[in-house]
Amino acid sequence: MQLGSPILQLLILHLSFSLTSPSVSAAQPNVEPFALRISCGSRDDVRTPPTNTLWYRDYGYTGGRFSNATRPSFISPPLKTLRFFPLSSGPENCYYINNLPVGKYQIRVFFGLISDPNLDSEPIFDLSVEGTQFASLKQGWSSSAEQSFAEAILHIADNTASICFHGTGHGDPSILSIEVLQIDDSAYYLGKSWGNRVVLRPVKRLTCGAGKPAFDVDMNGTSWGGDRFWAAIKTFSADNDVAISTENIIAETSISPNFYPQALYQYAIVSTDREPQMSYQFDVDPNKNYSVWLHFAEIDMAVTKELERVFDVSINGDSAFKDVDVIRMAGERYTAIVLNTTVSVSGKSIKITFTPSVGHAIVSAIEVFEVINAEITTSPDEVEALRVIKTKLDLPVRFGWNGDPCVPQQHPWSGIDCHFDKPNNQWVIDGLGLDNQGLRGILPDEISKLQHLQSINLSENSIRGEIPISLGNIAGLQVLDLSFNELNGTIPESLGTLKNLQILNLNGNSLSGKVPANLGGRPLHRASFNFTGNDGLCGIPGLPTCGPRLSVGAKIGIAFGSLFAFLLLLVFATCWWKRRQNILRAQKLQAAREAPYAKARTHFRDIQMGKHHRQHEASKTAAETVPLS
C-alpha cells in the first residue's frame, strides 16, 4: 500500500526540493555544519587516513569501560579503542551529547569487537536515540559491512541528544565510534503529514553501477549532506542489465537540501533487450512504513532527448511513479533528479521494479529508510526527580537508570511503572518499586515531583533520615511502604491529608512521636496501616499513650541526676551510720561506769587522787612561808 498523494509521487525533486518544509537554520554554503566524531575509549584525539578525519577523545559522555578494539569491517573507522558496557553497568547506558544547535542530524554508531578472547566476541544489543529505538543488532552482524554500523536521521529540538545502548543479555554492548553530523533542516523531509516527529533508519543505500562502496567524503560530497555510506551494486542481474558510467559533470548535485555528491550520478544500471524490465528486492521488517528515494540522471550516450526512455516504477506491485522520462523531468541530459514516496509494507521484503514502455529503464542510486514515529518522552520534571532519587538513595549501578525512564517502550527502567498522560502528551511515573534493593541514602524532597505516583514501595532497605513532608503533596498516592528501614523523626502530619491512601507501612523503623490524628482513624475505613516496631510512636490503639516526651538529652540529664542523688544518699547514710556507731560506743562506756565494781574502783581512785592533791597543796604552802635569807 502506498502512502501520499499522486502529486507527491510524481513530483520531481531536482534536489532543490520544492516540497521541503521551511528551514529553521538552512544550510549555508559558507558555514560549516556542526560535526562531532568520537573515538570511543580513546584518551586522546585521533586523526585517521585517508581523509585525515578528526576523532575527539572519549571523555565525559558516559560510563562503561575502555578496551582495545578489533574492527569488524573494512568500512569501520581505523580506530584502536572502544568502550563497552558490562552487565554490572546496568541494562541501559547512554552517551549524552550537549550544546547541539537545533536542527536535523545524521547520527551514526560503528560497533566494535573487544580484543579479548575471554569476552563475547559478538554482542547483541539494541540502540535508541532520544528515546526512540532505531536498531537491533542481529547475530552475524560482525560479518557484514552494512551491519557494522547503525544510523538514524532525526530532528533535535532541545540542544541535546542521548544515544543509548540497551543490553539484551547477549554480551556487553561495544562501541567503536559515534558521529553526530548536522545536515540541512529540510533534508529527507517527508511532508507535513509526517513533520519532524520521525526517525529515519537507512535500510538500503546503493550506488548503482559503481564498482566499489564509498562514503560521501570519498565522492567529494559537501559537509551539509553528512557522510552517507553507499554500498555498491554493479548489476541487479548479470545477464539482464548492464552498468554504465560517465565523466561528464552532472548538474543539480551537491545542493540543498540533501546535497547528494555528483559522483553518485556518474554511474547507473540500465536494462537490456534481453530483459527490458529490471528489479531489485531486499528483506525488511514487516508491518512498517518505508520511505523510498530513487535517483536518476540521463548519462547514456544513446539517449539524447525526451521520449527516448520512458518507464514506470512500482513497489511491491503497486504503482509508485508512472511515465518517468528523466530528460523531460530534469530539463536536460546529465542532470540529477530524485523521486520519493513512502509506502506501507506488510510483508518481509520490498521489491522495486522498473518497467520501460519506451527504450530501457535506468537508475543511478536507491535509498530506502524505515520511517519510525519518534517516541513521546517522559515529563522532564519527573526525569529530573528520578535522577535526584537515584543519587540520594545511592541506587546500585546495576540498575542503570540512564536515558529516558519510559522510552523506548521496549526498555523501560527497572523499578518504575510508566503511564501515558494523554492530556499532556507525555509519559509519567505512577509506580516506584525498589524494595529490598540495598538502598542506603535518604529519601529526598524531590520525590514529590513525581506527582502521578500511586504506589511507592521502598521497604527492606537501609534508608535513613526523616520521612519527607513533601510526600503529602502526592494527592493520588494509594500505597506507601517504607517498612524495615532506618527512618527516624516523626510521621509528617501531611500524610494525614492523603485521602486516597489505602496502605501505609511504616513498621520496623525508629520513628517517634504522636501518630497524626488523621491517620489514626483511617483503618476503620478499610485501610491497612502498620506502625509497629517503632518504640517511640504513640497515640493510637495498639501503641502507648502519649505523655510528656523527654528528649534524649533530658533523659541523660535525669540519669546523671539520679546517679548523683543516689551517691549523695549513700554518703549521708554512711555518715549517719558512723555517727550512730559513735553514740552506741559512748552509751556503752557510760553504762560501764555505772556498774558497782566500776564505782568502787572509781571511788578509791578519787580518794587517792584527793590525798595526793592535799599533800601537794601543803608542800606548796610551806614553801611559800619560808623566810628569805
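If you're wondering where the values come from, they're calculated on a predicted model, not measured in any experiment.

1. Some remarks on the state of the cysteines
Consideration 1: Tallied over the entire structure, the rule returns three disulfides.
Consideration 2: Residue pairing for Cys406: its cysteine sulfur links by disulfide to Cys418, the two sulfurs lying 2.1 Å apart. The sign of the -90° torsion about the S-S bond sets the Cys406-Cys418 disulfide as left-handed. Residue Cys406 is found in the loop between helix H3 (380-392) and strand E28 (416-421), and its partner Cys418 is found in strand E28; the two are separated by twelve residues along the sequence.
Consideration 3: Judged by relative accessible area, Cys418 falls into the partly exposed class, the value being 27%.

2. Considerations on the nonpolar core
Consideration 1: With 74 residues, the main nonpolar core has Phe236, Ile352 and Phe354 as its most contacted residues.
Consideration 2: In this view, Phe354 contacts Phe236, Pro276, Gln277, Met278, Leu294, Phe296, Phe311, Asp312, Val313, Ala361 and Val363; residues no more than four positions away in its chain are not counted.
Consideration 3: Counting 45 residues, the second-largest nonpolar core is a separate cluster that includes Leu480, Ile491, Leu495 and Phe529.

3. Some words on the environment of Leu504
Consideration 1: You can see Leu504 is positioned in strand E34 (residues 503-505).
Consideration 2: We classify Leu504 as buried; its relative accessible area is 0%.
Consideration 3: With 23 residues separating them along the chain, Leu504 and Asp481 place their C-alpha atoms 5.8 Å apart.
Consideration 4: Apart from residues no more than four positions distant in its own chain, Leu504 is found in contact with Leu480, Leu519, Ser528, Phe529, Asn530 and Phe531.

4. A word on the pattern of salt bridges
Oppositely charged side chains may form a pair once their charged atoms are brought near each other.
Consideration 1: In the structure shown here, the tally under the stated rule is 14 salt bridges.
Consideration 2: A salt bridge links Glu370 to Arg201, with the shortest nitrogen-to-oxygen separation between them at 2.8 Å. Remark: Arg201 occurs in strand E15 (residues 198-208) and Glu370 occurs in strand E27 (residues 365-373); sequence separation between them is 169 residues.
Consideration 3: For Arg201, a relative accessible area of 18% translates into the label buried.
Consideration 4: Measuring nitrogen to oxygen at the nearest pair gives 3.1 Å for the salt bridge that ties Glu367 to Arg205. Within this pair, whereas Glu367 is found in strand E27, its partner Arg205 is found in strand E15, the two being separated by 162 residues in sequence. Here the two residues Glu367 and Arg205 agree in accessibility, since each one is buried.
Consideration 5: One network of salt bridges, in which partners are shared, links Arg37, Arg108, Glu179 and Asp227.

5. Some words on the pairing of strand E23 (residues 318-324)
Consideration 1: Strand direction decides the pairing type here: strand E22 (residues 310-315) and E23, joined by four bridges, are antiparallel. Paired with Val313 across the two strands is Phe321, which belongs to E23.
Consideration 2: Following E22, the chain reverses through two residues before pairing antiparallel with E23; Asn316 in that reversal takes a positive phi of roughly 55°.

6. Side note on the side chain of Arg205
Consideration 1: Given a relative accessible area of 5%, Arg205 falls into the buried group.
Consideration 2: Side chain to side chain, Arg205 and Glu151 meet in a polar contact 3.3 Å long.
Consideration 3: Those residues within four positions of Arg205 in sequence are excluded, and the remaining contacts are Glu151, Ile153, Tyr188, Arg228, Phe229, Trp230, Ala231, Ile366, Glu367 and Phe369.

7. Some details on H3
Helical geometry: 3.6 residues make up each α-helical turn, so side chains three or four residues apart lie on a common side.
Consideration 1: Helix length check: H3, at 13 residues, gives a terminal C-alpha distance of 18 Å against a target of 18 Å (1.5 Å per residue), a fit within 8%.
Consideration 2: What H3 keeps buried is the set Glu382, Val383, Ala385, Leu386, Val388 and Ile389.
Consideration 3: In this structure, the buried side of H3 is in contact with E28 and strand E29 (426-433).
Consideration 4: Where H3 terminates, the next one or two residues include Asp394, which has phi positive at roughly 55°.

8. Structural notes on unusual backbone geometry
Consideration 1: For the peptide bond that leads from Pro49 to Pro50, omega is 0°, which places it in the cis range.
Consideration 2: For Pro50, the location among the structural elements is in the loop between strand E3 (46-48) and strand E4 (53-55).
Consideration 3: A cis amide bond links Val407 to the next residue, Pro408, at an omega of 0°.
Consideration 4: Secondary-structure assignment places Pro408 in the loop between H3 and E28.
Consideration 5: Even without being glycine, Asn159 reaches a positive phi, approximately 65°.
Consideration 6: Residue Asn159 is classed as partly exposed on the basis of its relative accessible area, which comes to 36%.
Consideration 7: With a phi angle near 55°, Glu460 is a residue other than glycine that sits in the positive phi range.

Parameters and conventions
- Residues numbered from 1 in each chain as written.
- Predicted model: local features only at pLDDT ≥ 70, side-chain atom pairs only at ≥ 80, totals over all residues.
- Heavy atoms only, no water.
- Disulfide = S-S within 2.5 Å.
- Helix = DSSP H or I, 4+ residues; strand = E, 2+ residues; numbered from the N terminus.
- Buried < 20%, exposed > 50% of the residue type's maximum accessible area, 1.4 Å probe, protein only.
- Core = buried A, V, L, I, M, F, W, Y, C linked by side-chain atoms within 4.5 Å.
- Contact = heavy atoms within 4.5 Å.
- Salt bridge = Lys/Arg side-chain N within 4 Å of Asp/Glu carboxyl O.
- Pairing = 2+ DSSP bridges.
- Polar contact = N/O pair within 3.5 Å; in protein donor to acceptor, adjacent residues only side chain to side chain.
- Expected span 1.5 Å × (residues − 1).

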